[in-house]
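A structural walkthrough
Chain residues, written in single-letter form:
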Amino acid sequence: MRKLILTVSAAALVAGLAACGQEQAVPGAPQTTPLSTVDVEPRAAAVALTAGITTAESAEVGTFVTDGDGRSLYRFDKDSAKPPTTACAGECATAWPPVMVEDPAALRTTGVDPALLGTLERPEGGRQLTIAGWPAYRFAKDVAAGDLKGQGAGGTWFAFLPDGKKAAAKTAESAKTVPLTVMKVGALGQIVTDQAGMTLYRFDKDTANPSSTTCVGDCAVKWPPVLLPDGAAVAGLDQAVVGSVTRPDGSKQVTVGGWPVYRFSGDKVPCDTNGQGVGGTWFALDATGAKVK
């Protein structure tokens, strides 16, 4: 079961507020680590990217980059970004298939600035996707959308953050809460955001009494639910108005005033409100859960 959670670092909070103005052994390199250490079956040493680029949420690392099918993308510390260079070939590239693309400008991209995308020429031919200059890979042991089995592997492989930096595991302490806050955002006034200042939304097709969610499947990709991991609590709002609802997949989603809350994949930076009014059914919400128009 895939579990996602919307949490961010305290540093991101500072950046968000300012913007509003308001060891598993794996082959790090073929000459030092044999392929057998990751127990993967032989497969093509490259993956053509056809489904675009997007982001997902994880209790382990927060927001991370995936392809359009939800498969996690990774970067390798032994590569370089300036200039873009790959150090992963041969058996390494079998365990960590390079993500290949001819024209990154043609990719459908959500959650990642298209200006960060580029390519480099692989030693064996073809063009590999780069994010902020870093070559992008998948991991052969990730078999389902949202898998992050390559995170931290060998101390050199890490999932991509949306800005191209490498993801770091959340501390046990930070995983205990899902921090929300209320901020003044443009003409909308005081609305609920996450800790980084990213706008949160409610959906008119959901219900608040009793709490229920109708946004699943493709809807939940476009509107990622704010999830509550086991044992965690919502922080930053009146405890009388926050709660959770069990989603069809068994995960728990944060509610405010009974309404399940979501992010919008089209919001790229703190204080974006690109989801406001979408379809006449998606709206920012205030500290009571009431929708803001």
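Right above here is the structure, for reference.
Residues numbered from 1 in each chain as written. Predicted model: local features only at pLDDT ≥ 70, side-chain atom pairs only at ≥ 80, totals over all residues. Heavy atoms only, no water.

1. Structural notes on the overall build of the chain
To be explicit about the condition: Per the convention used, a helix needs a DSSP run of H or I reaching at least four residues, while a strand needs a run of E reaching at least two, with both numbered from the N terminus. In this scheme, a residue with accessible area under 20% of its type's maximum is buried, one over 50% is exposed, and one in between is partly exposed, where area comes from a 1.4 Å probe on protein chains only. Each accessible area is a Shrake-Rupley result for a 1.4 Å probe, and residues are judged covered by the shown protein chains and nothing else.
From N to C terminus, the chain includes three helices and 21 strands. Burial statistics for the chain: of 293 residues in total, 49% are counted as buried. Carbon and sulfur atoms provide 55% of the accessible area of the chain, an area that totals close to 12,600 Å².

2. What to know about the sheet that holds strand β18 (residues 242-246)
How we decide: A pair of strands is labelled paired if DSSP reports no fewer than 2 bridges between them.
One open sheet accounts for three strands, arranged β18-β19-β20; its pairing is antiparallel. A single partner strand is all that each edge strand has here, and the edge strands are β18 and β20 (259-260). When β18 meets strand β19 (residues 252-256), the two strands line up antiparallel, connected through five bridges. Looking across to β19, one finds that Ser244 is bridged to Val254.

3. Side note on the side chain of Arg202
We count it as follows: Between N or O atoms, a polar contact is any pair within 3.5 Å; within protein, one atom must be a potential hydrogen donor and the other a potential acceptor, and residues adjacent in sequence are included only when both atoms are from side chains.
Along the chain, Arg202 falls in strand β14 (residues 201-203). In this structure Arg202 comes out as buried when scored by relative accessible area, which is 7%. Here the side chain of Arg202 touches Gly289 through a polar contact of 2.8 Å, landing on its backbone oxygen.

4. Here's the deal with the pairing of strand β13 (residues 189-194)
For β13, the buried fraction is high: five of the six residues fall into the buried class. Looking at chain direction, strand β12 (residues 177-185) and β13 are connected through six bridges and run antiparallel. By the bridge assignment for β13, Lys184 is matched with Gln190. Here β12 hands over to β13 after three residues, with Gly186 in that stretch at a positive phi of 50°.

5. So, the sheet that holds β13
What counts, and what does not: Axes, fitted as lines to C-alpha atoms, cover a helix only where it is in contact. Angles between the N-to-C directions of the axes lie from 0 to 180 degrees.
Pairing within the open sheet is mixed, and its three strands lie in the order β13-β12-β17. Looking at strand neighbours, the two that pair on one side only are β13 and β17 (233-235), the edges of this open sheet. When the angles between neighbouring strand axes are averaged without regard to direction, this sheet yields 25°.

Shape descriptors only; they carry no functional weight alone.
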